[in-house]
Amino acid sequence: MAVLEVKGIKKNFDELQVLKGIDFSLEKGEALALIGASGSGKTTLLRCLNFLETPTRGQIYVNEKLIYDASNPSMLSEREIRRNRLHFGLVFQSFNLFPQYTALQNLTLAKELLARETPEYKKNRKDVLDQIKTEGEALLASVGLSDKLDFYPHQLSGGQQQRVAIARALMLQPDILCFDEPTSALDPELTGEVLRVIRGLAEKRTTMVIVTHEMKFARDVSDQVLFMDKGVVVERGTPADVFEHPQEERTKQFLERYFEE
């Protein structure tokens, strides 16, 4: 069963058409790598999936349920958008941690806010909050940060901040975990620790969409690769198909230039 299905997604910014009709599907446990030059539309596509941008045309399905249809304005209510965002966890380039909260508080904040709306919270607030704290501690331990629970973002390295951001995205148990250039803001020596965490998630069959310029990483970790250029999918396939046997000339040019560098 497809966890995520995207049909005909287009996105215009005034007269500029950034996405020109994107289609793909993703099975549960698969990792999809989106590659391409800067300006090809990769991040815009990711932002449309997470409803940080509103697609101009197209449909999005999660677990075979239609969660967005551009032809149906009623699906754009703030309540529906908030609900649909819960299907996705997004890890940003620049971490986007709350500086006034500790690592653990960055994880637990959203879940605590959601919990307040439940009958369980009203009956036994302390037990609910204790459970959320325990979950947050376990997630930070899973990314190697059990000793940083009470550290604030400014006390952490870039790699540690990004690992907190990954744990935070996992906290609400999203159907699909999305990464937008997760190592672009890191020094090269810190990149490896973040990529190791994402590799671990792939080994656990976490469903992921990863925008990356790390070609070797994309080849190693993904089940599918989409090469985008100028708002369209130029080529798609397994890592072996795209990286070792590209069919389209534009793909060959991109990969040759990348590996020359």
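The coordinates are above.
Residues numbered from 1 in each chain as written. Predicted model: local features only at pLDDT ≥ 70, side-chain atom pairs only at ≥ 80, totals over all residues. Heavy atoms only, no water.

**What to know about the pairing of strand 10 (residues 232–237)**
Here comes step 1: As paired strands, strand 9 (residues 224–229) and strand 10 are joined by five bridges and run antiparallel to one another. Residue pairing across strands places Asp229 opposite Val232, the latter belonging to strand 10. (Pairing = 2+ DSSP bridges. Helix = DSSP H or I, 4+ residues; strand = E, 2+ residues; numbered from the N terminus.)

**Examining helix 6 (residues 158–171)**
Here comes step 1: The end-to-end C-alpha separation of helix 6 is 20 Å, in line with the 20 Å expected for 14 residues at 1.5 Å each.
Here comes step 2: Across the 14 residues that make up helix 6, a large majority, 14, are buried.
Here comes step 3: At the exit of helix 6 stands Gln173, carrying a positive phi of roughly 50°. (Expected span 1.5 Å × (residues − 1). Buried < 20%, exposed > 50% of the residue type's maximum accessible area, 1.4 Å probe, protein only.)

**Description of the sheet that holds strand 6 (residues 88–91)**
Here comes step 1: Read from one edge to the other, the open sheet built from six strands follows the order 6-7-8-3-9-10, with strand pairing classed as mixed. The sheet terminates laterally at strand 6 and strand 10, the two strands that pair on one side only. Within this sheet the neighbouring strands show an average axis-to-axis angle of 20°, counted without direction.
Here comes step 2: With four bridges connecting them, strand 3 (residues 31–35) and strand 9 associate as parallel partners. Note on strand 9: the bridge partner recorded for Ile35 is Phe227. (Axes fitted to C-alpha atoms, helices over the stretch in contact; angles between N-to-C directions.)

**Structural notes on the environment of Gly41**
Here comes step 1: Along the polypeptide, Gly41 turns up in the loop between strand 3 and helix 1 (42–49).
Here comes step 2: Along the backbone, Gly41 and Leu86 are 45 residues apart, and their C-alpha atoms lie at a distance of 23 Å.
Here comes step 3: Not counting residues up to four positions away in its chain, the partners in contact with Gly41 are Val18, Leu19 and Met228. (Contact = heavy atoms within 4.5 Å.)

**Overview of the pattern of salt bridges**
Between side chains of opposite charge, a pair can form as their charged atoms come close.
Here comes step 1: With the rule as written, the count across this model stands at ten salt bridges.
Here comes step 2: Between Lys7 and Glu5 there is a salt bridge whose closest N-O contact spans 3.9 Å.
Here comes step 3: The exposure class assigned to Lys7 is partly exposed, which follows from its relative accessible area of 33%.
Here comes step 4: What emerges from the salt-bridge pattern is a single network uniting Arg199, Lys216 and Asp220. (Salt bridge = Lys/Arg side-chain N within 4 Å of Asp/Glu carboxyl O.)

**Some details on the packing of aromatic side chains**
Here comes step 1: The full count for this structure, using the stated rule, is three aromatic pairs.
Here comes step 2: Taken together, a centroid distance of 5.9 Å and an interplanar angle of 70° make the contact between Phe51 and Tyr68 edge-to-face. Taken together, the positions of Phe51 in the loop between helix 1 and strand 4 (57–62) and Tyr68 in strand 5 (residues 65–69) put the pair 17 residues apart, joining distant regions of the chain.
Here comes step 3: With a relative accessible area of 6%, Phe51 lands in the buried category. (Phe/Tyr/Trp six-rings, centres within 6.5 Å; stacked < 30°, edge-to-face > 60°.)

**Details of the pairing of strand 2 (residues 16–27)**
Here comes step 1: As judged from the nine bridges shared by strand 1 (residues 2–13) and strand 2, these two strands associate in the antiparallel manner. Its bridge partner being in strand 2, Asn12 is matched across the sheet by Gln17.

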